[in-house]
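Spelled out from the first residue to the last, the chains are:
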There are 2 protein chains.
Amino acid sequence: MPDGTNTGRPRTRIQQRNRDLILGAALDVFSLNGFRGSTLDEIATQAGLSKPNLLYYFPSKDAIHTELLSGLMDTWLDPLRDLDAHGDPIPELLAYVERKLEMSRLYPRESRLFANEIVQGAPRILSALQGDLKHLVDEKVVVIRGWMDTGQIAHVHPYHLLFSIWSLTQHYADFDVQVRAVLGQEEPFQEAPAYLKGIFLKILTP
Amino acid sequence: MPDGTNTGRPRTRIQQRNRDLILGAALDVFSLNGFRGSTLDEIATQAGLSKPNLLYYFPSKDAIHTELLSGLMDTWLDPLRDLDAHGDPIPELLAYVERKLEMSRLYPRESRLFANEIVQGAPRILSALQGDLKHLVDEKVVVIRGWMDTGQIAHVHPYHLLFSIWSLTQHYADFDVQVRAVLGQEEPFQEAPAYLKGIFLKILTP
DNA sequence: GTCTATAAATAGATAGAC
DNA sequence: GTCTATCTATTTATAGAC
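Enquirer: What is the right way to read the overall build of chain A from this model?
Expert: When its secondary structure is counted, chain A shows ten helices and zero strands. Reported as C-alpha extents along the three principal axes, the dimensions of chain A are approximately 60 × 45 × 30 Å. Split into buried and exposed, the 206 residues of chain A put 53% on the buried side. Across chain A, the fraction of contacts at a sequence separation of at least 24, relative to all contacts at a separation of at least 6, is 67%. With an accessible surface of roughly 8800 Å², chain A has 53% of that area assigned to carbon and sulfur atoms. Averaged over its 21 positive side-chain charges, chain A has a centre that lies 6 Å from the centre of its 26 negative ones.

Below is the structure:
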(Lines give C-alpha, C1' and ligand atoms only; values in the text may rest on other atoms or scores of the structure.)
Protein backbone atom coordinates (compact mmCIF):
# COMPACT_ATOMS: atom_id res chain seq x y z
CA MET A 1 0.00 0.00 0.00
CA PRO A 2 1.10 3.64 -0.21
CA ASP A 3 1.73 6.36 2.33
CA GLY A 4 2.94 6.73 5.88
CA THR A 5 -0.56 6.95 7.31
CA ASN A 6 -0.01 10.29 8.98
CA THR A 7 -2.68 10.96 11.55
CA GLY A 8 -1.74 14.57 12.01
CA ARG A 9 0.82 14.58 14.83
CA PRO A 10 4.35 15.56 13.79
CA ARG A 11 6.89 12.72 13.92
CA THR A 12 10.61 12.28 13.83
CA ARG A 13 12.14 10.04 11.20
CA ILE A 14 12.75 7.30 13.76
CA GLN A 15 9.16 7.49 14.96
CA GLN A 16 7.90 7.24 11.43
CA ARG A 17 10.21 4.33 10.68
CA ASN A 18 9.16 2.36 13.75
CA ARG A 19 5.47 3.01 13.23
CA ASP A 20 5.86 1.72 9.71
CA LEU A 21 7.79 -1.31 10.92
CA ILE A 22 5.05 -2.11 13.42
CA LEU A 23 2.20 -1.61 10.98
CA GLY A 24 3.96 -3.76 8.39
CA ALA A 25 4.57 -6.53 10.87
CA ALA A 26 1.02 -6.25 12.18
CA LEU A 27 -0.29 -6.55 8.64
CA ASP A 28 1.70 -9.76 8.19
CA VAL A 29 0.42 -11.25 11.42
CA PHE A 30 -3.20 -10.02 11.49
CA SER A 31 -3.77 -10.94 7.85
CA LEU A 32 -2.67 -14.48 8.55
CA ASN A 33 -4.35 -15.09 11.89
CA GLY A 34 -7.16 -12.62 12.32
CA PHE A 35 -7.32 -10.23 15.24
CA ARG A 36 -7.94 -12.66 18.05
CA GLY A 37 -5.54 -15.22 16.67
CA SER A 38 -2.65 -12.77 16.60
CA THR A 39 -0.33 -11.87 19.44
CA LEU A 40 1.73 -8.80 20.24
CA ASP A 41 4.69 -11.09 20.74
CA GLU A 42 4.52 -12.26 17.13
CA ILE A 43 4.10 -8.72 15.84
CA ALA A 44 6.98 -7.47 17.95
CA THR A 45 9.28 -10.26 16.78
CA GLN A 46 8.28 -9.71 13.18
CA ALA A 47 8.95 -5.99 13.55
CA GLY A 48 12.27 -6.56 15.28
CA LEU A 49 11.19 -4.57 18.32
CA SER A 50 10.40 -5.43 21.91
CA LYS A 51 6.82 -5.84 23.06
CA PRO A 52 6.89 -2.84 25.40
CA ASN A 53 8.37 -0.76 22.62
CA LEU A 54 5.39 -1.69 20.45
CA LEU A 55 3.14 -0.35 23.16
CA TYR A 56 5.13 2.83 23.32
CA TYR A 57 3.98 3.60 19.78
CA PHE A 58 0.45 2.24 20.03
CA PRO A 59 -1.69 2.17 23.17
CA SER A 60 -3.00 -1.35 22.59
CA LYS A 61 -3.26 -4.33 20.27
CA ASP A 62 -6.68 -3.08 19.27
CA ALA A 63 -5.29 0.32 18.32
CA ILE A 64 -2.81 -1.24 15.88
CA HIS A 65 -5.53 -3.25 14.21
CA THR A 66 -7.89 -0.30 13.99
CA GLU A 67 -5.15 1.90 12.54
CA LEU A 68 -4.51 -0.70 9.85
CA LEU A 69 -8.15 -1.16 8.92
CA SER A 70 -9.12 2.49 8.83
CA GLY A 71 -5.92 3.47 7.05
CA LEU A 72 -6.62 0.88 4.38
CA MET A 73 -10.35 1.23 3.90
CA ASP A 74 -9.99 4.32 1.73
CA THR A 75 -7.35 2.82 -0.52
CA TRP A 76 -9.43 -0.31 -0.81
CA LEU A 77 -12.37 1.59 -2.27
CA ASP A 78 -10.30 3.61 -4.73
CA PRO A 79 -10.75 1.22 -7.68
CA LEU A 80 -14.52 1.54 -7.42
CA ARG A 81 -14.34 5.30 -6.92
CA ASP A 82 -12.45 5.52 -10.18
CA LEU A 83 -15.33 3.96 -12.12
CA ASP A 84 -16.15 6.82 -14.47
CA ALA A 85 -19.81 7.49 -15.24
CA HIS A 86 -18.80 9.27 -18.44
CA GLY A 87 -16.50 6.56 -19.71
CA ASP A 88 -17.27 3.82 -22.20
CA PRO A 89 -19.32 1.35 -20.07
CA ILE A 90 -17.83 -2.04 -20.95
CA PRO A 91 -14.17 -0.95 -21.03
CA GLU A 92 -14.84 1.02 -17.86
CA LEU A 93 -16.13 -2.03 -15.99
CA LEU A 94 -13.43 -4.32 -17.39
CA ALA A 95 -10.84 -1.82 -16.22
CA TYR A 96 -12.41 -1.91 -12.77
CA VAL A 97 -12.09 -5.71 -12.75
CA GLU A 98 -8.47 -5.33 -13.79
CA ARG A 99 -7.73 -2.81 -11.04
CA LYS A 100 -9.30 -5.04 -8.41
CA LEU A 101 -7.36 -8.07 -9.60
CA GLU A 102 -4.20 -6.02 -9.57
CA MET A 103 -4.89 -5.08 -5.97
CA SER A 104 -5.16 -8.78 -5.11
CA ARG A 105 -1.89 -9.47 -6.83
CA LEU A 106 0.02 -6.58 -5.30
CA TYR A 107 -1.59 -6.43 -1.85
CA PRO A 108 -2.69 -9.92 -0.82
CA ARG A 109 -2.05 -9.19 2.86
CA GLU A 110 -4.42 -6.25 2.79
CA SER A 111 -7.04 -8.38 1.04
CA ARG A 112 -6.72 -11.13 3.62
CA LEU A 113 -6.87 -8.60 6.45
CA PHE A 114 -10.31 -7.56 5.23
CA ALA A 115 -11.29 -11.13 4.46
CA ASN A 116 -10.46 -12.22 8.00
CA GLU A 117 -12.35 -9.30 9.44
CA ILE A 118 -15.45 -9.89 7.34
CA VAL A 119 -15.52 -13.68 7.59
CA GLN A 120 -15.32 -13.24 11.33
CA GLY A 121 -18.37 -11.00 11.34
CA ALA A 122 -16.73 -7.62 10.73
CA PRO A 123 -16.95 -6.61 14.41
CA ARG A 124 -14.67 -3.62 13.90
CA ILE A 125 -15.74 -2.33 10.49
CA LEU A 126 -19.43 -3.11 10.25
CA SER A 127 -20.32 0.57 10.48
CA ALA A 128 -17.89 1.40 7.69
CA LEU A 129 -19.49 -1.27 5.52
CA GLN A 130 -22.96 0.08 6.21
CA GLY A 131 -21.72 3.64 5.76
CA ASP A 132 -18.89 4.51 3.38
CA LEU A 133 -19.00 1.26 1.42
CA LYS A 134 -22.76 1.12 1.00
CA HIS A 135 -22.96 4.78 -0.02
CA LEU A 136 -20.24 4.41 -2.62
CA VAL A 137 -21.87 1.26 -3.97
CA ASP A 138 -25.32 2.85 -4.09
CA GLU A 139 -23.86 5.76 -6.02
CA LYS A 140 -22.10 3.55 -8.56
CA VAL A 141 -25.14 1.30 -8.93
CA VAL A 142 -27.03 4.32 -10.22
CA VAL A 143 -24.39 4.74 -12.90
CA ILE A 144 -24.49 1.04 -13.82
CA ARG A 145 -28.30 1.04 -13.94
CA GLY A 146 -28.08 4.00 -16.31
CA TRP A 147 -25.81 2.04 -18.64
CA MET A 148 -28.27 -0.86 -18.55
CA ASP A 149 -31.31 1.28 -19.19
CA THR A 150 -29.69 2.82 -22.27
CA GLY A 151 -28.78 -0.65 -23.51
CA GLN A 152 -25.03 -0.10 -23.34
CA ILE A 153 -24.50 -3.17 -21.18
CA ALA A 154 -26.60 -6.25 -20.46
CA HIS A 155 -29.24 -6.12 -17.79
CA VAL A 156 -28.03 -8.01 -14.72
CA HIS A 157 -28.58 -7.35 -11.03
CA PRO A 158 -26.17 -4.45 -10.42
CA TYR A 159 -25.43 -5.17 -6.75
CA HIS A 160 -24.73 -8.82 -7.43
CA LEU A 161 -22.61 -7.80 -10.39
CA LEU A 162 -20.40 -5.84 -8.02
CA PHE A 163 -20.33 -8.75 -5.55
CA SER A 164 -19.16 -10.93 -8.42
CA ILE A 165 -16.31 -8.61 -9.24
CA TRP A 166 -15.18 -8.47 -5.63
CA SER A 167 -15.58 -12.17 -5.12
CA LEU A 168 -13.77 -13.30 -8.24
CA THR A 169 -10.86 -10.91 -7.96
CA GLN A 170 -10.28 -11.21 -4.22
CA HIS A 171 -10.48 -14.99 -4.43
CA TYR A 172 -7.01 -15.06 -5.95
CA ALA A 173 -5.58 -13.30 -2.90
CA ASP A 174 -7.73 -14.73 -0.10
CA PHE A 175 -7.77 -18.34 -1.28
CA ASP A 176 -4.34 -18.24 -2.82
CA VAL A 177 -3.14 -21.44 -1.11
CA GLN A 178 -6.12 -23.38 -2.40
CA VAL A 179 -5.77 -22.02 -5.91
CA ARG A 180 -2.10 -22.96 -5.94
CA ALA A 181 -2.78 -26.38 -4.44
CA VAL A 182 -5.21 -27.15 -7.25
CA LEU A 183 -3.20 -25.65 -10.07
CA GLY A 184 -0.02 -27.40 -9.01
CA GLN A 185 2.82 -25.23 -10.17
CA GLU A 186 0.99 -23.03 -12.65
CA GLU A 187 1.04 -19.35 -11.70
CA PRO A 188 -2.55 -18.19 -10.93
CA PHE A 189 -2.07 -14.57 -11.88
CA GLN A 190 -0.82 -15.47 -15.32
CA GLU A 191 -4.15 -16.78 -16.61
CA ALA A 192 -6.55 -14.95 -14.31
CA PRO A 193 -6.65 -11.51 -16.00
CA ALA A 194 -7.53 -12.85 -19.43
CA TYR A 195 -10.00 -15.34 -17.99
CA LEU A 196 -11.82 -12.72 -15.92
CA LYS A 197 -11.93 -10.19 -18.72
CA GLY A 198 -13.33 -12.88 -20.96
CA ILE A 199 -16.16 -13.89 -18.71
CA PHE A 200 -17.09 -10.34 -17.74
CA LEU A 201 -17.20 -9.42 -21.38
CA LYS A 202 -19.78 -12.18 -21.87
CA ILE A 203 -21.70 -11.11 -18.80
CA LEU A 204 -21.81 -7.47 -19.81
CA THR A 205 -22.34 -7.65 -23.57
CA PRO A 206 -26.01 -6.80 -24.24
CA MET B 1 -24.27 -30.96 7.95
CA PRO B 2 -25.57 -34.50 8.27
CA ASP B 3 -24.49 -37.47 10.33
CA GLY B 4 -23.02 -38.17 13.73
CA THR B 5 -19.47 -38.45 12.38
CA ASN B 6 -18.89 -41.93 13.73
CA THR B 7 -15.20 -42.73 13.74
CA GLY B 8 -15.73 -46.40 14.44
CA ARG B 9 -15.67 -46.72 18.21
CA PRO B 10 -19.00 -47.75 19.75
CA ARG B 11 -20.72 -45.02 21.76
CA THR B 12 -23.54 -44.72 24.21
CA ARG B 13 -26.37 -42.33 23.47
CA ILE B 14 -25.05 -39.80 25.99
CA GLN B 15 -21.57 -39.98 24.48
CA GLN B 16 -22.95 -39.41 21.02
CA ARG B 17 -25.10 -36.54 22.23
CA ASN B 18 -22.23 -34.78 23.97
CA ARG B 19 -19.84 -35.27 21.09
CA ASP B 20 -22.43 -33.71 18.81
CA LEU B 21 -22.99 -30.85 21.25
CA ILE B 22 -19.26 -30.17 21.35
CA LEU B 23 -18.76 -30.38 17.60
CA GLY B 24 -21.74 -28.11 17.02
CA ALA B 25 -20.47 -25.55 19.50
CA ALA B 26 -16.95 -25.82 18.09
CA LEU B 27 -18.31 -25.19 14.61
CA ASP B 28 -20.00 -22.03 15.85
CA VAL B 29 -16.86 -20.76 17.53
CA PHE B 30 -14.14 -21.87 15.09
CA SER B 31 -16.10 -20.65 12.07
CA LEU B 32 -16.37 -17.21 13.62
CA ASN B 33 -12.87 -16.79 15.04
CA GLY B 34 -10.56 -19.22 13.29
CA PHE B 35 -8.57 -21.81 15.18
CA ARG B 36 -6.18 -19.61 17.07
CA GLY B 37 -8.82 -17.01 17.82
CA SER B 38 -11.10 -19.55 19.49
CA THR B 39 -10.97 -20.74 23.08
CA LEU B 40 -12.10 -23.93 24.77
CA ASP B 41 -13.94 -21.76 27.28
CA GLU B 42 -16.15 -20.32 24.57
CA ILE B 43 -16.79 -23.73 23.05
CA ALA B 44 -17.60 -25.24 26.43
CA THR B 45 -20.01 -22.45 27.31
CA GLN B 46 -21.66 -22.68 23.91
CA ALA B 47 -22.01 -26.45 24.34
CA GLY B 48 -23.34 -26.12 27.88
CA LEU B 49 -20.56 -28.29 29.26
CA SER B 50 -17.59 -27.68 31.51
CA LYS B 51 -14.16 -27.26 30.02
CA PRO B 52 -12.70 -30.43 31.57
CA ASN B 53 -15.71 -32.33 30.31
CA LEU B 54 -14.87 -31.17 26.79
CA LEU B 55 -11.42 -32.61 27.22
CA TYR B 56 -12.89 -35.87 28.39
CA TYR B 57 -14.41 -36.31 24.94
CA PHE B 58 -11.58 -34.88 22.88
CA PRO B 59 -7.90 -34.97 23.80
CA SER B 60 -7.19 -31.38 22.78
CA LYS B 61 -8.43 -28.22 21.12
CA ASP B 62 -6.59 -29.27 18.03
CA ALA B 63 -8.35 -32.64 17.96
CA ILE B 64 -11.77 -30.98 17.92
CA HIS B 65 -10.78 -28.75 15.04
CA THR B 66 -9.25 -31.59 13.07
CA GLU B 67 -12.31 -33.77 13.63
CA LEU B 68 -14.51 -30.97 12.26
CA LEU B 69 -12.37 -30.34 9.20
CA SER B 70 -11.82 -33.95 8.19
CA GLY B 71 -15.42 -34.87 8.90
CA LEU B 72 -16.59 -32.06 6.65
CA MET B 73 -14.12 -32.27 3.79
CA ASP B 74 -15.93 -35.19 2.18
CA THR B 75 -19.35 -33.59 2.37
CA TRP B 76 -17.89 -30.40 1.03
CA LEU B 77 -16.70 -32.08 -2.15
CA ASP B 78 -19.95 -33.96 -2.79
CA PRO B 79 -21.49 -31.35 -5.09
CA LEU B 80 -18.50 -31.57 -7.41
CA ARG B 81 -18.42 -35.38 -7.22
CA ASP B 82 -22.01 -35.37 -8.42
CA LEU B 83 -21.06 -33.60 -11.64
CA ASP B 84 -22.08 -36.22 -14.15
CA ALA B 85 -19.87 -36.75 -17.19
CA HIS B 86 -22.80 -38.26 -19.06
CA GLY B 87 -25.31 -35.54 -18.27
CA ASP B 88 -26.26 -32.59 -20.43
CA PRO B 89 -23.25 -30.26 -20.00
CA ILE B 90 -24.83 -26.86 -19.41
CA PRO B 91 -27.67 -28.04 -17.14
CA GLU B 92 -25.14 -30.23 -15.37
CA LEU B 93 -22.84 -27.30 -14.60
CA LEU B 94 -25.71 -24.99 -13.67
CA ALA B 95 -26.96 -27.66 -11.27
CA TYR B 96 -23.51 -27.76 -9.73
CA VAL B 97 -23.63 -24.01 -9.21
CA GLU B 98 -27.03 -24.42 -7.62
CA ARG B 99 -25.85 -27.16 -5.29
CA LYS B 100 -22.87 -25.10 -4.18
CA LEU B 101 -25.02 -22.03 -3.55
CA GLU B 102 -27.44 -24.16 -1.58
CA MET B 103 -24.55 -25.38 0.56
CA SER B 104 -23.67 -21.75 1.32
CA ARG B 105 -27.26 -21.01 2.25
CA LEU B 106 -27.76 -24.07 4.44
CA TYR B 107 -24.27 -24.46 5.92
CA PRO B 108 -22.67 -21.02 6.24
CA ARG B 109 -20.73 -22.06 9.33
CA GLU B 110 -19.08 -24.91 7.49
CA SER B 111 -18.23 -22.58 4.61
CA ARG B 112 -16.68 -20.06 7.00
CA LEU B 113 -14.75 -22.78 8.79
CA PHE B 114 -13.00 -23.63 5.53
CA ALA B 115 -12.68 -19.98 4.58
CA ASN B 116 -10.93 -19.19 7.85
CA GLU B 117 -8.65 -22.16 7.46
CA ILE B 118 -7.69 -21.32 3.89
CA VAL B 119 -7.37 -17.55 4.32
CA GLN B 120 -5.05 -18.29 7.22
CA GLY B 121 -2.83 -20.42 5.03
CA ALA B 122 -4.57 -23.80 5.38
CA PRO B 123 -1.99 -25.08 7.91
CA ARG B 124 -4.14 -28.08 8.79
CA ILE B 125 -5.62 -29.07 5.44
CA LEU B 126 -2.99 -28.17 2.88
CA SER B 127 -2.29 -31.84 2.17
CA ALA B 128 -6.00 -32.52 1.63
CA LEU B 129 -6.14 -29.62 -0.83
CA GLN B 130 -3.12 -30.94 -2.72
CA GLY B 131 -4.47 -34.50 -2.52
CA ASP B 132 -8.18 -35.25 -2.50
CA LEU B 133 -9.28 -31.86 -3.76
CA LYS B 134 -6.73 -31.57 -6.55
CA HIS B 135 -7.37 -35.12 -7.74
CA LEU B 136 -11.12 -34.66 -7.85
CA VAL B 137 -10.71 -31.35 -9.68
CA ASP B 138 -8.23 -32.82 -12.16
CA GLU B 139 -10.68 -35.60 -12.89
CA LYS B 140 -13.63 -33.26 -13.45
CA VAL B 141 -11.53 -30.90 -15.54
CA VAL B 142 -11.05 -33.75 -17.99
CA VAL B 143 -14.82 -34.02 -18.27
CA ILE B 144 -15.23 -30.29 -18.73
CA ARG B 145 -12.46 -30.17 -21.34
CA GLY B 146 -14.29 -32.92 -23.18
CA TRP B 147 -17.45 -30.85 -23.28
CA MET B 148 -15.47 -27.90 -24.61
CA ASP B 149 -13.68 -29.90 -27.27
CA THR B 150 -16.97 -31.23 -28.61
CA GLY B 151 -18.37 -27.71 -28.66
CA GLN B 152 -21.09 -28.39 -26.10
CA ILE B 153 -19.95 -25.51 -23.89
CA ALA B 154 -17.82 -22.45 -24.51
CA HIS B 155 -14.08 -22.72 -24.29
CA VAL B 156 -12.90 -21.09 -21.05
CA HIS B 157 -10.07 -22.02 -18.69
CA PRO B 158 -11.56 -25.05 -16.88
CA TYR B 159 -9.67 -24.62 -13.60
CA HIS B 160 -10.53 -20.95 -13.36
CA LEU B 161 -14.11 -21.81 -14.24
CA LEU B 162 -14.26 -24.01 -11.15
CA PHE B 163 -12.58 -21.30 -9.05
CA SER B 164 -15.30 -18.93 -10.25
CA ILE B 165 -18.05 -21.28 -9.15
CA TRP B 166 -16.51 -21.73 -5.72
CA SER B 167 -15.75 -18.07 -5.31
CA LEU B 168 -19.16 -16.74 -6.36
CA THR B 169 -21.22 -19.23 -4.41
CA GLN B 170 -19.18 -19.23 -1.21
CA HIS B 171 -19.04 -15.45 -1.21
CA TYR B 172 -22.65 -15.38 -0.03
CA ALA B 173 -21.75 -17.41 3.05
CA ASP B 174 -18.26 -16.14 3.83
CA PHE B 175 -18.89 -12.45 3.20
CA ASP B 176 -22.51 -12.52 4.31
CA VAL B 177 -22.17 -9.51 6.63
CA GLN B 178 -20.72 -7.39 3.85
CA VAL B 179 -23.36 -8.49 1.36
CA ARG B 180 -26.10 -7.66 3.84
CA ALA B 181 -24.49 -4.35 4.79
CA VAL B 182 -24.50 -3.27 1.14
CA LEU B 183 -27.91 -4.62 0.26
CA GLY B 184 -29.56 -3.03 3.29
CA GLN B 185 -32.52 -5.19 4.13
CA GLU B 186 -32.84 -7.12 0.89
CA GLU B 187 -32.35 -10.89 1.34
CA PRO B 188 -29.19 -11.98 -0.56
CA PHE B 189 -30.29 -15.53 -1.24
CA GLN B 190 -33.47 -14.39 -2.92
CA GLU B 191 -31.78 -12.89 -5.98
CA ALA B 192 -28.53 -14.83 -5.99
CA PRO B 193 -29.67 -18.12 -7.58
CA ALA B 194 -31.24 -16.48 -10.63
CA TYR B 195 -28.36 -14.05 -10.98
CA LEU B 196 -25.70 -16.77 -10.84
CA LYS B 197 -27.55 -19.07 -13.22
CA GLY B 198 -27.92 -16.17 -15.60
CA ILE B 199 -24.27 -15.26 -15.71
CA PHE B 200 -23.03 -18.85 -15.87
CA LEU B 201 -25.38 -19.49 -18.75
CA LYS B 202 -23.70 -16.61 -20.59
CA ILE B 203 -20.26 -17.86 -19.67
CA LEU B 204 -20.94 -21.42 -20.78
CA THR B 205 -23.02 -20.93 -23.91
CA PRO B 206 -20.75 -21.62 -26.90
C1' DG C 1 -19.12 -38.95 33.29
C1' DT C 2 -18.82 -34.74 35.52
C1' DC C 3 -17.10 -31.63 38.62
C1' DT C 4 -13.66 -28.36 41.45
C1' DA C 5 -9.12 -27.14 41.88
C1' DT C 6 -5.03 -26.19 39.93
C1' DA C 7 -0.84 -26.52 37.19
C1' DA C 8 2.00 -24.40 33.52
C1' DA C 9 2.30 -21.50 29.84
C1' DT C 10 1.10 -17.42 27.45
C1' DA C 11 -1.62 -13.27 26.84
C1' DG C 12 -1.96 -7.94 27.02
C1' DA C 13 -0.30 -4.28 29.42
C1' DT C 14 2.52 -1.37 32.98
C1' DA C 15 6.61 0.24 36.01
C1' DG C 16 10.64 2.07 36.16
C1' DA C 17 15.72 1.97 35.12
C1' DC C 18 18.74 3.64 31.62
C1' DG D 1 13.06 5.72 23.02
C1' DT D 2 14.17 1.29 24.52
C1' DC D 3 14.90 -2.14 27.66
C1' DT D 4 14.18 -5.73 31.75
C1' DA D 5 11.17 -7.11 35.03
C1' DT D 6 6.74 -7.87 36.38
C1' DC D 7 1.63 -7.70 37.11
C1' DT D 8 -2.78 -9.65 36.08
C1' DA D 9 -5.77 -12.24 33.38
C1' DT D 10 -6.48 -15.88 30.37
C1' DT D 11 -5.23 -20.15 28.06
C1' DT D 12 -4.71 -25.20 27.42
C1' DA D 13 -4.57 -29.06 29.91
C1' DT D 14 -4.36 -32.27 34.08
C1' DA D 15 -5.31 -34.29 38.87
C1' DG D 16 -8.27 -36.22 41.59
C1' DA D 17 -12.72 -36.21 44.28
C1' DC D 18 -17.42 -37.70 43.63
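That was the structure; now back to the text.
Enquirer: Looking at this structure, I do not really get the side chain of B:Lys100. What am I missing?
Expert: Along the chain, B:Lys100 falls in helix 5 (residues 89-106). When residues no more than four places from it in sequence are discounted, the contact partners of B:Lys100 are B:Trp76, B:Pro79, B:Ile165, B:Trp166, B:Thr169 and B:Gln170.

Enquirer: Would you explain the environment of B:Lys100 in this entry?
Expert: Among the residues examined, B:Lys100 registers a relative accessible area of 4% and is labelled buried. Sequence separation of B:Lys100 and B:Ile165 is 65 residues, and the distance between their C-alpha atoms is 7.9 Å.

Enquirer: Help me out: how do you make sense of the pattern of salt bridges in this one?
Expert: A side chain with one charge can pair with a side chain of the opposite charge if their charged atoms come near. Following the criterion strictly, the structure yields 26 salt bridges over all chains and no others. For A:Arg124, the salt bridge goes to A:Glu117, with nearest N and O atoms at 3.7 Å. Overall, A:Glu117 belongs to the buried group, its relative accessible area being 5%. For B:Lys134, the salt bridge is made with B:Asp138, and the minimal N-O distance between the two is 3.2 Å. In this pair, B:Lys134 and B:Asp138 both sit in helix 7 (residues 126-149), four residues apart, roughly one turn of the helix. A relative accessible area of 19% places B:Lys134 in the buried class. You can call B:Asp138 partly exposed: its relative accessible area is 23%. Overlapping salt bridges, with partners in common, bring together A:Asp62, A:Glu117 and A:Arg124 in one network.

Enquirer: In this structure, what is going on with the interface of chain B and chain A? I would like to understand it.
Expert: Each side of the interface is counted separately: chain B has 55 residues, and chain A has 55 residues. Roughly 4800 Å² of surface becomes buried between chain B and chain A when both sides are summed, with 65% attributable to carbon and sulfur atoms. In this structure, the connection of chain B to chain A is made through two salt bridges. The partner of B:Glu42 in a salt bridge is A:Arg36, with the nearest N and O atoms 2.5 Å apart. Linking chain B with chain A are 19 residue pairs in polar contact (both at pLDDT 80 or more), by the criterion used here. Within the residue set of the side of chain B that touches chain A, elements represented by two or more residues are helix 1 (13-37), helix 6 (108-119), helix 7, helix 8 (158-174), helix 9 (176-183) and helix 10 (188-204) of chain B. At twelve residues, helix 8 of chain B tops the list of elements feeding residues into the side of chain B that touches chain A. In the side of chain B that touches chain A, the residues fall into 27 nonpolar, 19 polar and nine charged.

Enquirer: Quick question: what am I supposed to make of the domain arrangement of chain A here?
Expert: Residues and elements named next belong to chain A. As assigned here, chain A comprises domain 1 (13-64) and domain 2 (68-204). Relative placement of domain 1 and domain 2: their C-alpha centres are 28 Å apart. Taken together, the contact between domain 1 and domain 2 spans 13 residues of the former and eight residues of the latter. When the buried area of domain 1 at its contact with domain 2 is split by residue, Leu27, Ser31 and Phe35 rank highest and sum to 51% of it. At the surface where domain 1 touches domain 2, the tally comes to two salt bridges. Arginine 109 serves as the salt-bridge partner of aspartate 28, at 2.7 Å between the closest nitrogen and oxygen. If you list the elements that add at least two residues to the side of domain 1 that touches domain 2, you get helix 1 (13-33) and helix 4 (61-81). Top contributing element to the side of domain 1 that touches domain 2 by residue count: helix 1, with nine residues. Classifying every residue of the side of domain 1 that touches domain 2 by side-chain character gives seven nonpolar, four polar and two charged.

Enquirer: Hey, could you run me through the packing of aromatic side chains in this one?
Expert: Within a pair of aromatic rings, the relevant descriptors are the distance that separates the centres and the angle that separates the planes. In total, this model carries eleven aromatic pairs over all chains according to the counting rule given. Ring centres of B:Phe30 and B:Phe35 lie 5.7 Å apart, and the angle between their planes is 25°; on these two criteria the pair is classed as stacked. The burial state of B:Phe30 is the same as that of B:Phe35; both residues are buried. Pairwise contacts between aromatic rings join A:Tyr172, A:Phe189, B:Phe163 and B:Trp166 into one cluster. It is A:Arg124 that lies over the ring of A:Phe35; its NZ or CZ is 3.9 Å from the centre.

Enquirer: In this structure, what is going on with helix 9 of chain B? I would like to understand it.
Expert: Of all eight residues making up helix 9 of chain B, six are buried, and the element is well covered by its neighbours. Of all the residues in helix 9 of chain B, the buried ones are B:Asp176, B:Gln178, B:Val179, B:Ala181, B:Val182 and B:Leu183. Tucked into the core, helix 9 of chain B has its buried residues touching helix 6 (108-119), helix 7 (126-149) and helix 8 (158-174) of chain A together with helix 8 and helix 10 of chain B. B:Gly184 sits one or two positions beyond helix 9 of chain B and adopts a positive phi of about 75°.

Enquirer: Can you walk me through the protein's contact with DNA strand C in this structure?
Expert: Neighbouring residues of DNA strand C: 18 residues in total, closest A:Leu40, A:Lys61, B:Gln15, B:Ser50 and B:Tyr57. The sugar-phosphate share of atoms of DNA strand C within 4 Å of the protein amounts to 66%. Between B:Asn18 and DNA strand C, the recorded distance is 3.0 Å, taken from a side-chain N or O atom to a phosphate oxygen. Secondary structure elements with two or more residues in the surface near DNA strand C: helix 2 (40-47) and helix 3 (51-57) of chain A together with helix 1 and helix 3 (51-57) of chain B. Looking at which element gives the most residues to the surface near DNA strand C, the answer is helix 3 of chain B, with four residues. Partitioned by chemical class, the residues of the surface near DNA strand C number seven nonpolar, eight polar and three charged.

How each quantity is defined
Residues numbered from 1 in each chain as written. Chains lettered and ligands numbered in written order. Predicted model: local features only at pLDDT ≥ 70, side-chain atom pairs only at ≥ 80, totals over all residues. Heavy atoms only, no water. Helix = DSSP H or I, 4+ residues; strand = E, 2+ residues; numbered from the N terminus. Buried < 20%, exposed > 50% of the residue type's maximum accessible area, 1.4 Å probe, protein only. Contact = heavy atoms within 4.5 Å. Areas by Shrake-Rupley, 256 points an atom, 1.4 Å probe, with all protein chains shown as cover. Lys, Arg positive; Asp, Glu negative; His and termini not counted. Charge placed at Lys NZ, Arg CZ, Asp CG, Glu CD. Salt bridge = Lys/Arg side-chain N within 4 Å of Asp/Glu carboxyl O. Buried area = accessible area lost by both parts, 1.4 Å probe. Polar contact = N/O pair within 3.5 Å; in protein donor to acceptor, adjacent residues only side chain to side chain. Nonpolar A, V, L, I, M, F, W, Y, C, P; charged D, E, K, R; others polar. Domains from an automatic or database assignment. Phe/Tyr/Trp six-rings, centres within 6.5 Å; stacked < 30°, edge-to-face > 60°. Lys NZ or Arg CZ within 6 Å of the ring centre and 35° of its normal. Near = heavy atom within 4 Å.

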